[in-house]
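Observations on the three-dimensional arrangement
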Amino acid sequence: MPADQQAPCGDKLALACDVAEQHFGTVPKLVVERLLYQGPASVQQLAAYCSSHSDQGLYNAQRLRRAMIVLIHHGLVHFKVAAPPVYYCLPDAVLMRLRHPMLIQQAQALFGDDGALITKRILHHGRLTAPALLDVLINDPTSPCTHLPQDRLEKKIESLKSALEAMMHNNFVEYCPRPLLAAQDTENTLEGMANREAAKQRGGKVGGAKRKREEAEAKLGKKPTGQMLGRFGDEEDEWGLPQVKKEHPPDKDKDGVAKADGAPGAAASAKGGGKAQRELRVNFVQFLHHLRQKECSEVVRRLVNEHAALLVDTFMKFPQKVYMVLPSEDEIDSESYCIPAFPRYSPPTRLDSVAHTLTHSEVQRRLPELIASLETSVPHIGSHSILKKMSSTNYAVNMEAISEALLSAQMECVLGEKFGVLGRRIFKILLNKKVLEEKEIISNALDSEAEVRKKLYRMKSTGYLQVRDVPTTADNNPMKTLYLWHVPVNFVKARLVNEMYKTLRNLFQRRKHEEARVKNLLTRRESGLTEHEQELMSKYQTVQDTVSYNLVALYEMTLGLEFF
């Protein structure tokens, strides 16, 4: 874990478990809970935990097998090759499911209705091959393409293919590695355990089941080879996910990549027992990077002007790809993370390329003036300018400096809610000046000395401000010591993030509580409700919409504080 990356707080992990339970059910929630709170585990350790922490009759090996395949399929659980393989969970990947509505909105803004439809279907299924995605988009009963006439359907298919190619080109949809070892061998191990349990219940010998289990465990201890590679076929199990087929591995090209039929950039192959395509997934880190760029543009619009923001937007339109980061082998035993450190600068770009891309005539006319303005504009005290000259002809937007200004503004906003206008003013003064004596703060705070001193010590008692002692004499005389007030930015940031996750979990629990209150009404909604029950449902829907909106908005702000 990077030095500036904070360990996940308890409320963040608890929220991830709640999200896993709502989206996938009880057994997947137990798997996520075990991996987040107690660290990486083998299949046997997961089975023991789920068995001891689930209600009687709820857990069995088959359900755990399905839960593992679902979580791996959606990219929430990963594994490292060991003896036996060790599984670990990524809390940020679990919590990113809260952003699914925003991901669809972003895709619609960037790639139109087709992009939103593609994003929605991939998020729903976790990962899909290109042919399977096209089949879902066309034949799903809820798809808008279902009832189109043939001529319009063909045009719609071409439009969807173009949108998918654009999303892949810009890295919003990417190829993903298959769950090679996990899907096949988790099934084998758990089937062996289930057979042994069944044999015990029948009172018969368990030698065959035990031998089968030991063989599966021995297989798990090996590195994945060509004979061990299972693949997802076209059939689906009762969870709606592709079944694992036991068949020969597909042919590979010279780079070792399985050949695909119908997938972009892949060749067809009918050998090896069937067709195999590489699967696609949504790259949520690229969506986060786009959100960060949008926030940076808003900061420039507020600090400089509209034309400067349009110019910054143009610089950031040039492609810049970011990817999800998986922990290295020695980091898996600590808190796992998957959101990387975002790029400090936009891609260095020639001015003539920017001028050619600009569509706003006023920005084109004022281009030299705006460049000079952005080269001297400093968004935050002590940071660098918004635009940096990388070479004689290339410029880049300093997104790190803009993000510092965004972070300061977000912290000021939250502390303003906690300590009022005076507390926000004091916090802003210390952020800008770095360190000040108490008398200097009082003179700049524009309020009475008693009120400022009262607010200062209240903020100090809660940890949002600190005092540094600087002796001016060798004997550390208190009368001749300087007491400098300052903001512990990293501590404040971590504390605010933890408090936001606590609030997020409270909102999530409130939504769950409201659902439990009208559970009976929800089951009888189609059969008809009385007037009083309809009124209760209307109030429930209003509360749900409000809580859901606040949940997504607060999570976006939390992401900005934690990662931007």
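Heads up: these notes are all about the structure in this document. (Residues numbered from 1 in each chain as written. Predicted model: local features only at pLDDT ≥ 70, side-chain atom pairs only at ≥ 80, totals over all residues. Heavy atoms only, no water.)

**As for the sheet that holds strand 7 (residues 279-282)**
Strands sit in the order 3-7-4 across an open sheet of three strands; the sheet is antiparallel. In the strand order of this sheet, the two ends are held by strand 3 (128-129) and strand 4 (173-176), each with one partner. Summarising the sheet, strand 3 and strand 7 pair through two bridges and their orientation is antiparallel. Note on strand 7: the bridge partner recorded for Leu128 is Leu280. Packing against the sheet, helix 8 (residues 150-169) makes contact with strand 4 and strand 7, and its axis sits at approximately 75° to strand 4. (Pairing = 2+ DSSP bridges. Helix = DSSP H or I, 4+ residues; strand = E, 2+ residues; numbered from the N terminus. Contact = heavy atoms within 4.5 Å. Axes fitted to C-alpha atoms, helices over the stretch in contact; angles between N-to-C directions.)

**Here we look at the sheet that holds strand 13 (residues 481-486)**
Spatial strand order, 11-13-12: three strands in an open sheet with antiparallel pairing. Whereas interior strands pair on both sides, the edge strands pair on one side only; in this sheet they are strand 11 (435-437) and strand 12 (466-471). In this sheet, neighbouring strand axes are inclined to one another by 40° on average, regardless of whether the strands run parallel or antiparallel. In this sheet, strand 13 lies alongside strand 12 in antiparallel orientation, the contact comprising six bridges. Pairing of Val467 across the sheet is with Trp485, part of strand 13.

**Let's talk about the nonpolar core**
The biggest cluster of nonpolar side chains holds 134 residues, and the ones touching the most others in it are Ile118, Leu311, Ile426, Phe427 and Leu465. Ranked by residues supplied to this core, first place goes to helix 16 (residues 399-433) with 15 residues. With residues up to four places along the chain from it excluded, the contact list for Leu311 reads Val354, Leu358, Val363, Leu367, Leu370, Ile371 and Leu374. Ranked by size, the runner-up nonpolar core spans five residues in total, among them Val518, Leu529, Met537 and Tyr540. (Core = buried A, V, L, I, M, F, W, Y, C linked by side-chain atoms within 4.5 Å. Buried < 20%, exposed > 50% of the residue type's maximum accessible area, 1.4 Å probe, protein only.)

**Points about the pattern of salt bridges**
Applying the stated criterion across every chain yields a total of 21 salt bridges. For Arg505, the salt bridge identified is with Asp18, shortest N-O distance 3.1 Å. One end of the pair, Arg505, is in helix 19 (residues 489-517); the other, Asp18, is in helix 1 (residues 10-24), and 487 residues separate them in sequence. Residue classification places Asp18 among the buried residues on the basis of a relative accessible area of 8%. The salt bridge partner of Glu556 is Arg99, with a shortest N-O separation of 2.4 Å. Taken together, the residues Glu556 in helix 21 (residues 531-563) and Arg99 in the loop between helix 5 (91-95) and helix 6 (100-125) connect sequence positions 457 residues apart. Take Glu556 and Arg99: they sit in the same class, and that class is buried. Here the salt bridges share partners, and the residues they tie into one network are Lys12, Asp92 and Glu562. (Salt bridge = Lys/Arg side-chain N within 4 Å of Asp/Glu carboxyl O.)

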